[in-house]
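Examining the three-dimensional arrangement
Here's the letter readout for the chains.
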Amino acid sequence: MGSATWLNGISNGNDSRQFKGDRSPCGPSRVLHVRKVPIEVSEAELISLGVPFGRVTNLLMLKGKNQAFIEMASEEAAITMVNYYTTATPHVRNQPVYIQYSNHRELKTDNLPNQGRAQAALQAVNAVHSGNMALGGSASGSDGALMPGQSPVLRIIVENLFYPVSLEVLHQIFSKFGTVLKIITFTKNNQFQALLQYADAMNAHHAKVTLDGQNIYNACCTLRVEFSKLTSLNVKYNNDKSRDFTRLDLPSGDGQPTMDPAMSAAFGAPGIISSPYAGAAGFCPTIGFSQAGLSMHTMAGMGPLVSGRMTLHGMAPTAVHSVLLVSNLNPDSISPHELFILFGVYGDVHRVKILFNKKENALIQMADATQAQLAMSHLNGQRLHGKVIRVTISKHQTVQLPREGQEDQGLTKDFSGSPLHRFKKPGSKNFQNIFPPSATLHLSNIPPSVTEDVLKDLFSGPGYTVKAFKFFQKDRKMALIQLGSVEEAIQALIDLHNHDLGENHHLRVSFSKSTI
């Protein structure tokens with residue numbers, strides 16, 4: 001059958017008759033029929049649907065019919081792809097598309113018009129895909145298909161760590177590819193690393209192929225993803241370093257609150273957010289996955305490559321607003337100054353507004369969107385005045401100051417000119433010392449006359465439990481102090497940061513990555 005006759009057969013709806021049933025009546029074929037394809041979709045975006053499962057050998061788009069045909073290198077790859085997308089509907093341009101076996105055994109497109117773009121996109125995508133597979137070693141087969149017995153656990157290294165990357169950020173990125181069961185983060189060889197376990201190995205394969213070599217933020221925080229030799233992770237504690245999303249009852253292990261069911265919803269625990277392409281509730285969907293995986297515009301030569309790699313679109317520092325909504329505050333205890341000090345650990349706070357009619361909520365305007373993202377990832381779920389606070393990106397772009405004469409009760413404050421901003425100097429060392437809340441605090445700017453006992457008394461006076469104290473050996477202007485819990489340390493930082501120690505020295509307090 002010639003190409004023109006073959007195309008005419010498709011146009012007459014040989015595959016279209018199968019639309020009525022949810023399942024295709026056809027047997028397996030390496031040619032797959034895609035329907036409900038948005039008319040503006042690019043060839044590269046469609047090809048990217050098949051890339052995680054193996055090599056894509058041909059593509060035919062029928063834009064007038066909102067349909068397409070994808071030909072895989074092997075029937076096995078096509079079967080894996082259909083099985084996966086049966087349980088996880090793929091999205092292109094934020095629209096669901098549906099994939100089934102075609103009754104055609106191959107695509108004959110040699111003499112068809114307008115196939116030049118499809119062939120160019122195939123070459124570009126397969127070239128990038130081959131590069132990714134070469135980087136990842138030999139865990140996959142020759143056409144990039146999943147190998148039998150492959151682990152569902154990934155080892156992740158973040159290189160060029162210009163901005164801190166939290167467990168929550170990793171969860172948000174990797175949950176686009178399937179249900180994440182467990183994550184353990186750690187530092188090894190001065191590199192931030194993580195082990196991440198999926199519900200099944202196909203999820204891990206899909207994530208590895210797509211994310212290896214990508215940048216979390218523009219031009220930095222590069223992901224190196226490989227399969228772990230471990231087949232399962234044993235998580236003992238749910239805290240900012242490790243989490244088991246199937247066990248909400250685990251202790252925090254370091255004084256942090258255990259995750260309550262509301263938090264599990266925020267992280268998309270299994271059974272709460274079932275679709276692997278659902279954004280985590282409670283987190284701004286910072287990564288714009290326009291289809292199953294990354295936006296593939298750059299693969300088709302339509303966008304810039306950063307250091308020869310794509311960036312995860314939407315994760316640039318300017319991609320989200322800089323205003324945070326903080327909820328579940330203790331209305332009897334909270335003040336704009338307290339929020340300014342606490343959120344100021346992660347960025348320069350310009351304005352704070354505690355809502356007049358709903359004082360358990362506040363809006364906080366940070367200097368930029370990256371600082372807002374940092375504050376949200378580190379402070380969401382922490383305890384303040386006995387309550388677990390929620391931090392999300394607000395729809396507001398600025399915090400409005402009250403009009404002259406408007407009753408406000410001092411609930412709105414402008415801190416844009418404050419001398420206490422930690423990050424106003426470009427290249428400040430403070431950028432390198434941003435850590436999650438911990439029970440151990442880092443103290444600096446201590447004058448020579450202030451002794452260990454003076455500092456211990458300063459912290460124990462308000463009722464905090466001082467468990468340990470240590471001056472830095474090489475620099476007595478700095479010390480570590482360990483308190484009874486993370487919640488105590490958060491409150492102590494708020495109370496005692498910028499405390500006047502005399503001799504024109506004001507105490508600087510921040511969270512420490514070290515313990516005593």
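Throughout what follows, the structure given in this document is the object of discussion. (Residues numbered from 1 in each chain as written. Predicted model: local features only at pLDDT ≥ 70, side-chain atom pairs only at ≥ 80, totals over all residues. Heavy atoms only, no water.)

This part covers the environment of M72. Within the secondary structure layout, M72 lies in strand β3 (residues 67-72). Using a relative accessible area of 0% as the deciding quantity, one classes M72 as buried. Considered as a pair, M72 and R55 are 17 residues apart in the sequence and their alpha carbons are 6.0 Å apart. Ignoring any residue separated from it by four or fewer positions in sequence, one finds M72 in contact with R30, L32, G50, F53, G54, R55, V56, T57, A77, A78 and M81. (Helix = DSSP H or I, 4+ residues; strand = E, 2+ residues; numbered from the N terminus. Buried < 20%, exposed > 50% of the residue type's maximum accessible area, 1.4 Å probe, protein only. Contact = heavy atoms within 4.5 Å.)

According to the stated counting rule, one finds two aromatic pairs in the structure shown. Centroid distance F469 to F471: 5.1 Å. Interplanar angle 85°. Geometry classified as edge-to-face. Classification of F469 as buried rests on a relative accessible area of 10%. (Phe/Tyr/Trp six-rings, centres within 6.5 Å; stacked < 30°, edge-to-face > 60°.)

The subject of this paragraph is the sheet that holds strand β18 (residues 390-393). Read from one edge to the other, the open sheet built from five strands follows the order β18-β13-β15-β14-β19, with strand pairing classed as antiparallel. Edge positions in the open sheet fall to β18 and β19 (412-414), since each of these has one partner strand only. Going across the sheet, the axis of each strand differs from the next one's by a mean of 20°, ignoring polarity. Summarising the sheet, strand β13 (residues 323-327) and β18 pair through four bridges and their orientation is antiparallel. Note on β18: the bridge partner recorded for L324 is I393. (Pairing = 2+ DSSP bridges. Axes fitted to C-alpha atoms, helices over the stretch in contact; angles between N-to-C directions.)

It is worth spelling out the packing of helix α3 (residues 75-87) against helix α6 (residues 201-211) at this point. Closest axis-to-axis distance for the α3/α6 pair is 12 Å, and the angle between their directions is 105°. What the angle tells us is that α3 and α6 run roughly perpendicular. Touching T80, Y84 and Y85 of α3 are M202, N203 and H206, all from α6. For the contact of α3 with α6, the class distribution of residues is three nonpolar, three polar and no charged. (Parallel < 35°, antiparallel > 145°, perpendicular 65-115°, else oblique. Nonpolar A, V, L, I, M, F, W, Y, C, P; charged D, E, K, R; others polar.)

Take α6 next. The buried fraction of α6 is high, at eleven of eleven residues. Every buried residue of α6 is accounted for by A201, M202, N203, A204, H205, H206, A207, K208, V209, T210 and L211. Positive phi appears at G213, one or two residues downstream of α6, with a value of about 90°.

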